[in-house]
Amino acid sequence: MQFNALTAHELHDKLVKKEISAVEITEAVFKRIDAVEEKVRSFVTQTRDKALETARAVDAKIGRGEEIGPLEGIPVVIKDNMCTEGILTTCSSKMLHNFVPPYSATVVEKLKQAGAVLIGKANLDEFAMGSSTENSRFFATRNPWDTERVPGGSSGGSAAAVAADETIYSLGSDTGGSIRQPASFCGVVGLKPTYGAVSRYGLIAFASSLDQIGPFAKDVRDCARVFSTIAGHDPKDSTSAEFEVPDYTSFLTGDVKGLRIGIPREYFVEGTDPGVKELIYNAINKFEELGAVCEETSLPHTEYALPVYYIIAPAEASSNLARYDGVRYGYRDESAEDIVTMFMRTRSEGFGTEVKRRIMLGTYALSSGYYDAYYLKALKVRTLIKQDFDRALEKFDVLISPTSPTPAFKYGEKAGDPMQMYLSDVFTISVNLAGIPGLTLPCGFVDGLPVGLQLMGRPFGEGTLFKAAYAFEQNTDFHLRKPNL
Amino acid sequence: MATQYEIVIGLEVHSELKTNSKIFCCSSTEFGGDPNTHICPVCLGLPGVLPVANKKVVEFAIKAGLALNCRIAEFSKFDRKNYYYPDLPKNYQISQYDLPIAEHGYLDITVDGQQKRIGITRVHMEEDAGKLNHEGESMATARYSLVDYNRTGVPLIEIVSEPDIRSPEEARLYLEKMKAILQYTGVSDCKMEEGSLRCDANISVRPVGQKEFGTRTELKNMNSFRALQKALEYEVERQIDVLEDGGRVIQETRTWDEARGITLSMRSKEEAHDYRYFPDPDLVPMIISPQWIEEIRQTLPELPDARRERYIRDYGLPPYDAEVITGSKELSDYFDEGLKHTGNAKALSNWVMGELLKFINASGISVADSDFPIRPASLAELVNLIDRGEISGKIAKDVFAEMQQKGDSPAAIVEAKGLKQISDQGAIAAVVDEVIANNPQSVEDFKNGKEKAIGFLVGQVMKATKGQANPGVVNQLLREKLK
């Protein structure tokens with residue numbers, strides 16, 4: 001077995017037993033990258049020298065007989081919208097093509113403290129806006145299961161790197177499905193945590209009230225380990241919650257007897273691939289077999305989630321992205337003779353089409369005279385959507401649905417039609433609007449393409465999601481299959 | 001008959017709060033410093049950073065709100081005000097829109113001896129912007145412009161008045177009282193020259209008796225109390241001229257040109273920004289407990305109005321003097337400190353209002369400066385020396401002049417220079433005899449009923465004693481001897 005194909009917990013055990021070294025793991029990962037990166041194209045930046053340096057330090061520590069943590073010496077890839085001190089952080093945008101942050105995001109600091117080996121920064125849809133990673137201004141990332149298909153997005157690079165065994169795990173960010181949809185497309189486990197569970201400090205904002213950082217992993221145990229490491233209150237982020245972070249692996253009992261699972265009927269309507277639907281029903285049957293109680297329920301405001309999202313997210317983005325003006329850092333148009341022209345040309349050229357589309361949508365929604373009709377109304381409907389979940393989750397421990405209506409689609413298939421592209425997030429968006437956690441894990445294949453099952457839970461109820469996901473994983477083998485690259 | 005116009009003015013005052021760190025990060029708020037040295041990723045608005053509200057800023061804003069008799073919000077939030085300008089690193093300013101920290105207050109001013117109440121609409125918190133330095137006249141014409149972000153994120157409160165002000169003079173008095181209150185409260189230095197107190201004005205005129213307001217203009221760039229009054233006086237005349245010529249006042253923003261003494265159009269209403277305010281999703285709403293408000297209320301010091309009343313009531317100071325002294329916290333603190341060392345408040349007040357203010361104005365040194373030469377205790381001692389008859393009022397002025405130079409105590413100066421008043425009748429009698437002998441004409445005049453002549457004789461004795469003779473004693477002796 002190649003070390004790079006193992007999970008973090010498997011590698012940790014081998015490190016502790018001194019069967020391998022951290023340098024060997026890192027080198028195995030680099031060897032894999034050398035072999036497949038040309039086809040997959042997950043990375044915007046690789047940090048090989050620093051990675052080896054970290055790995056050597058971990059080996060020295062093991063050599064001294066010191067105890068190591070669960071992520072110590074294990075390679076990780078971070079989506080290129082999280083700031084890494086001294087390492088290029090681009091958001092896959094021309095606007096930040098040369099931006100080297102003088103500080104690190106809180107999650108990056110936490111991983112550093114945990115001894116993680118950062119091997120590089122992953123490609124994404126520009127500023128995390130997109131569902132296929134086709135909107136990267138640099139290049140498109142490929143789906144390891146079929147390189148003619150997209151890996152999903154916006155965290156496509158993070159998902160593809162894990163699926164292609166170019167890394168052991170990775171971090172992504174999820175504003176409307178940007179972790180779960182690519183995890184589903186690439187056949188890996190992905191978690192969008194409760195809003196406020198993970199610090200956003202250093203995550204380059206797309207939509208502040210929706211953005212959350214979360215892990216991609218090869219199995220549920222790794223996902224729980226990474227989440228245990230990155231979760232927790234951060235005084236630098238006012239929106240991060242104060243809560244006790246448990247060891248989430250303690251929820252991995254495999255026992256779901258009596259677990260109440262709700263099946264929201266609005267997530268099983270027309271437009272979903274029949275093969276996908278069938279796999280979800282299979283999964284529901286599996287849960288019943290394992291002793292869970294599954295029942296239909298309703299989230300009546302589901303149909304409004306997409307329009308509400310496409311008002312709130314662009315509105316926040318239009319303001320968040322105003323700072324990219326060429327004055328202080330990043331791309332600047334040098335030809336302009338005055339400041340206003342410089343602003344306009346810098347932003348016209350620095351941003352891609354989708355980013356500009358959303359900035360314009362958001363600017364419009366916040367404009368004087370339209371605010372009440374759009375933004376304020378959207379906030380009210382958002383509350384209704386949240387109340388749907390509150391009610392459903394009073395009765396049920398977990399809600400279950402497909403992660404995306406289809407498996408990975410082909411390149412260019414939806415690139416020209418924003419509406420079709422937006423619809424691939426139709427099952428994930430509500431979770432961000434409600435601020436609750438959502439986890440996706442592999443539940444089968446349609447035409448050789450992986451399909452993800454989404455589990456949704458109560459705020460700060462990640463433990464329950466891990467419990468359910470782990471039980472399912474223990475009784476299936478979908479997560480063990482590897483793409484043939 | 002010519003139309004009489006009524007002036008309507010509302011002021012927007014910006015005051016920097018003197019917290020140690022900025023409103024949303026840990027960078028220093030210190031004024032000055034080399035460009036871009038008091039900055040961090042947060043106040044620079046670098047990609048990925050988040051603001052965290054400084055609790056001290058909220059406390060100071062509440063304190064200011066209480067001092068201005070406002071109702072403090074129990075639920076308040078921050079909003080984003082979106083506009084592009086290179087001194088604003090995020091291209092939005094974090095401010096407060098529809099739920100400001102304080103509302104519905106007032107302050108009182110004294111106009112021609114009458115008290116007048118000016119309503120305060122609201123007090124809200126916001127972050128300051130950076131400073132642009134143009135290599136040229138303006139950003140439009142400059143070869144290039146440099147930005148200093150030291151000031152970016154320095155906490156501000158904006159205080160908006162009701163349109164209750166009826167003259168440029170009232171506007172100045174309002175601003176002076178505002179400055180005093182904020183200084184007493186200790187939330188701001190209010191140094192107009194350093195920009196820690198700034199003021200914009202909305203002004204319109206309407207024929208007396210008309211209910212609706214006239215079209216207003218907004219005036220900016222008044223950098224002193226005097227400039228505020230001058231700009232408003234100019235604008236009143238300009239608007240009346242426009243109306244008298246049959247024209248209409250245009251709603252616009254105008255800037256005060258100090259050198260030319262005129263206001264100039266900056267931008268029209270059509271060019272006004274749509275700020276696209278919305279709640280800042282990076283900051284959580286503030287729930288302000290009544291207990292916290294009460295705790296802050298307990299820390300409020302004696303405010304100018306209360307202190308003025310105390311001066312009038314307890315010390316019998318004339319209202320005008322009390323108003324002037326309490327108008328400046330520094331001066332008033334100085335006076336209070338002096339009162340610890342003398343029981344003669346009225347005399348001390350006279351010295352403060354007279355010689356001390358004259359010296360402050362001439363020297364430009366503030367009484368709060370550590371090198372201010374005349375300590376409050378010294379001035380009080382000077383008052384006591386006069387009261388005890390140890391020096392005359394005339395000598396006291398010389399001693400005061402000496403105190404300005406060296407900062408010595410008045411007793412030491414009197415001692416060193418031998419200026420002590422001579423009240424010993426024996427010592428004075430000899431001089432009186434001599435003066436009577438040398439001035440027969442005046443003696444004659446006095447005896448013939450010319451009362452004035454005694455003044456000349458007293459003067460001669462004072463001259464001969466270098467002013468040290470007690471004038472009362474001299475007078476008494478002269479009268480006895482010329483009976």
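Because the structure is a prediction, the values reported are computed rather than measured.

A. Representation of the environment of Lys 61 of chain A within the structure. Mapped onto the elements, Lys 61 of chain A comes out in helix H3 (residues 48-63). Contact partners of Lys 61 of chain A, with chain neighbours within four places excluded, come to Glu 66 and Ile 68 of chain A.

B. The arrangement of the domain arrangement of chain B in detail. All names here are of chain B. Domain parsing of chain B yields domain 1 (5-295), domain 2 (302-417) and domain 3 (425-481). Spacing between the C-alpha centres of domain 1 and domain 2 amounts to 35 Å. Counting residues at the interface gives nine residues for domain 1, matched by seven residues for domain 2. With six residues, the single largest contributor to the side of domain 1 that touches domain 2 is helix H2 (residues 168-185).

C. Summary view of the confidence of the model for chain B. Of the residues in chain B, 100% reach a pLDDT of 70 or more, and the chain-wide mean stands at 91. In the predicted complex, the global pTM is 0.91; the interface-specific ipTM is 0.96.

D. Summary view of the sheet that holds strand E9 (residues 398-402) of chain A. Residues and elements named next belong to chain A. Judged by pairing direction, the sheet is mixed, and its eleven strands sit side by side in the order E1-E3-E2-E4-E6-E5-E10-E11-E9-E7-E8 without closing on themselves. In this open sheet, the two edge strands, each paired with only one partner strand, are strand E1 (43-46) and strand E8 (293-297). With strand direction ignored, the average angle separating the axes of adjacent strands in the sheet is 30°. Bridge count between E1 and strand E3 (residues 117-122): three bridges; the pairing is antiparallel.

E. Quick peek at helix H5 (residues 304-315) of chain B. All names here are of chain B. Between its first and last C-alpha, H5 extends 16 Å over twelve residues, near the 16 Å set by a 1.5 Å rise per residue. Regarding H5, the residues found buried are Pro 304, Arg 307, Arg 308 and Tyr 311. Projected down its long axis, H5 carries its buried residues within an arc of 105°, all on one side. Pointing more than 90 degrees away from the buried face of H5 are the exposed residues Ala 306, Arg 313 and Asp 314. Those residues of H5 that are buried lie in contact with H2, helix H6 (319-326) and helix H7 (329-339). A positive phi of about 70° marks Gly 316, the residue just after H5.

F. Layout of the sheet that holds strand E10 (residues 155-161) of chain B. Residue and element names in this part refer to chain B. Taken in spatial order, the nine strands of this open sheet run E2-E6-E7-E10-E1-E11-E12-E13-E14, and their pairing is mixed. Every interior strand has two partners, whereas the edge strands, strand E2 (71-72) and strand E14 (262-268), have only one. Of the strand pairs in this sheet, strand E6 (residues 102-111) and strand E7 (residues 114-127) are connected by nine bridges, and their pairing is antiparallel. Bridge assignment links Asp 108 to a residue of E7, and that residue is Arg 117. Strand contacts of helix H1 (residues 55-67): E2, E6, E7 and E10, with the helix running at about 165° to E7, the strand carrying the most contacts.

Thresholds applied
- Residues numbered from 1 in each chain as written.
- Chains lettered and ligands numbered in written order.
- Predicted model: local features only at pLDDT ≥ 70, side-chain atom pairs only at ≥ 80, totals over all residues.
- Helix = DSSP H or I, 4+ residues; strand = E, 2+ residues; numbered from the N terminus.
- Contact = placed C-beta atoms within 7 Å.
- Domains from an automatic or database assignment.
- pLDDT = per-residue confidence, 0-100.
- Pairing = 2+ DSSP bridges.
- Axes fitted to C-alpha atoms, helices over the stretch in contact; angles between N-to-C directions.
- Expected span 1.5 Å × (residues − 1).
- Buried ≥ 20, exposed ≤ 12 C-beta atoms within 10 Å, placed from the backbone.
- Arc of directions from axis to C-beta.

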